[in-house]
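Working through the structure, step by step
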Amino acid sequence: MFRGTHHRGCGPRGEMRFGGGFGPRGRRQWGPFTVEWDVSGEGMGGGRGRRRMFQGDELRLVLLKLIEEAPRHGYELIREIEERTGGAYAPSPGVVYPTLTMLADMELIAEQASDDAKKIFAITTAGQAHLTEREEEVEALMERLAQIGTMRSRSHGSPVRRAMGNLRQVLQHRLGDGEVSQETLHAVADLIDEAARKIERL
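Residues numbered from 1 in each chain as written. Predicted model: local features only at pLDDT ≥ 70, side-chain atom pairs only at ≥ 80, totals over all residues. Heavy atoms only, no water.

This part is about the overall build of the protein. Looking only at helices and strands, the protein features 7 helices and 7 strands. Secondary structure elements of the protein, listed N to C terminal, follow the sequence β-β-β-β-α-α-α-β-β-α-α-α-β-α. Put simply, the protein has 202 residues, and 32% of those count as buried. Restricting to contacts in the protein with at least 6 residues of sequence separation, those with at least 24 account for 57%. Total accessible area on the protein is roughly 12,800 Å²; 50% of this is exposed by carbon and sulfur atoms. (Helix = DSSP H or I, 4+ residues; strand = E, 2+ residues; numbered from the N terminus. Buried < 20%, exposed > 50% of the residue type's maximum accessible area, 1.4 Å probe, protein only. Contact = heavy atoms within 4.5 Å. Areas by Shrake-Rupley, 256 points an atom, 1.4 Å probe, with all protein chains shown as cover.)

With that settled, the discussion passes to the packing of aromatic side chains. Each aromatic ring pair is summarised here by two numbers: the centre-to-centre distance and the angle between the ring planes. Tallied over the entire structure, the rule returns 1 aromatic pair. Both rings, one in Phe54 and one in Tyr89, keep their centres 5.7 Å apart while their planes meet at 75°; by these two values the pair is edge-to-face. Highlighted residues: Phe54 in the loop between strand 4 (33-38) and helix 1 (58-69) and Tyr89 in the loop between helix 2 (74-84) and helix 3 (93-105), separated in sequence by 35 residues. (Phe/Tyr/Trp six-rings, centres within 6.5 Å; stacked < 30°, edge-to-face > 60°.)

With respect to the element layout, Thr85 can be found in the loop between helix 2 and helix 3. Here Thr85 falls in the buried class, since its relative accessible area comes to 0%. A distance of 3.2 Å separates a polar atom in the side chain of Thr85 from the backbone oxygen of Glu82. (Polar contact = N/O pair within 3.5 Å; in protein donor to acceptor, adjacent residues only side chain to side chain.)

Let us now look at helix 2. Of the residues making up helix 2, those classed as buried are Gly74, Leu77, Ile78, Glu80 and Ile81. Buried residues along helix 2 cover an arc of 165° about the axis, so they all sit on one side. Those residues of helix 2 hidden inside the fold are in contact with helix 1 and helix 3. (Arc of directions from axis to C-beta.)

Turning next to unusual backbone geometry. Positive phi outside glycine occurs at Glu107, with the angle close to 60°. Note on Glu107: relative accessible area 58%, which makes it exposed.

Moving on, we get to the nonpolar core. Phe54, Val62, Leu63, Ile67, Leu100 and Ile109 are the most contacted members of the largest nonpolar core, which totals 26 residues. For Phe54, the contacting residues outside a window of four places in its chain are Leu59, Val62, Tyr89, Leu141, Arg144 and Leu145. Counting residues in each nonpolar core, the second largest holds 5 residues, with Leu175, Val180, Leu185 and Val188 among its members. (Core = buried A, V, L, I, M, F, W, Y, C linked by side-chain atoms within 4.5 Å.)

Let us now look at the pairing of strand 6 (residues 120-123). Residue alternation in strand 6 divides its side chains into two sets, Ile120 and Ala122 and Phe121 and Ile123, and both sets are buried. Pairing between strand 5 (residues 109-112) and strand 6: 4 bridges, direction antiparallel. Within the sheet, the bridge partner assigned to Ala110 lies in strand 6 and is Ala122. (Pairing = 2+ DSSP bridges.)

Quick look at the packing of helix 2 against helix 3 now. As a packed pair, helix 2 and helix 3 sit with axes 10 Å apart at the nearest point and diverge in direction by 125°. Taken as axis vectors, helix 2 and helix 3 run oblique relative to one another. Once helix 2 is placed against helix 3, the crossing between them reads as right-handed. Contacts between helix 2 and helix 3 involve Gly74, Tyr75, Leu77 and Ile78 from the former and Pro93, Val96, Tyr97 and Leu100 from the latter. Each residue belonging to the contact of helix 2 with helix 3 can be placed in one class, and the counts come to 7 nonpolar, 1 polar and no charged. (Axes fitted to C-alpha atoms, helices over the stretch in contact; angles between N-to-C directions. Parallel < 35°, antiparallel > 145°, perpendicular 65-115°, else oblique. Left-handed = near helix turned anticlockwise from the far one by under 90°. Nonpolar A, V, L, I, M, F, W, Y, C, P; charged D, E, K, R; others polar.)

Quick look at the confidence of the model for the protein now. In the predicted model, the protein carries a mean pLDDT of 76, and 72% of its residues have values of at least 70. For the protein, per-element mean pLDDT is lowest for strand 2 (residues 15-17), which scores 38, and highest for helix 4 (residues 125-133), which scores 97. In this model residues 1-26 is a low-confidence stretch, pLDDT under 50, and it forms 75 contacts with partners more than four residues away in sequence or in other chains. Confidence over residues 28-50 falls short of pLDDT 50; this stretch has 76 contacts with residues more than four positions distant or in other chains. (pLDDT = per-residue confidence, 0-100.)

Here it is in structure tokens:
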């Protein structure tokens, strides 16, 4: 994603000098423009202004549903969510383990006897009833995870990844050295905007 903002105070010749390379994400002040870019493909980070993956008790419902499918310990739950989202999101242990403790206190899950040192939890009758009461919400949450995984696999497919890498290299080569006029910068922005519009219409 690229965003350009024009600022007053252009130089006398309307030219900007670019120095050094830039990574897949960043922000630069180039003459009268502030340009932000993100071609990393990392869409589920915790950046400011982005929606959190789970709101309220949604994570609790997801964990309970996964435990209903099969008894699991905390690490397995983290890896399962990461796998279902195609690697886009993995809840932290600092969130998962307190949530499991809460579910156990609510008697929705219970620790299962195991030879392993890890605590394995299984769903209780009360937990089953809770999932039944919240069935529509649970189905929507699991569908959300599946959709994120699908989008992740598409956006990180080799052709798209190759094209994004090519765009990054071209921009770095064309804009990273020498003097670049306002006209050239506008032309580059127009091409990227046009490509975005075409992708939206696919």
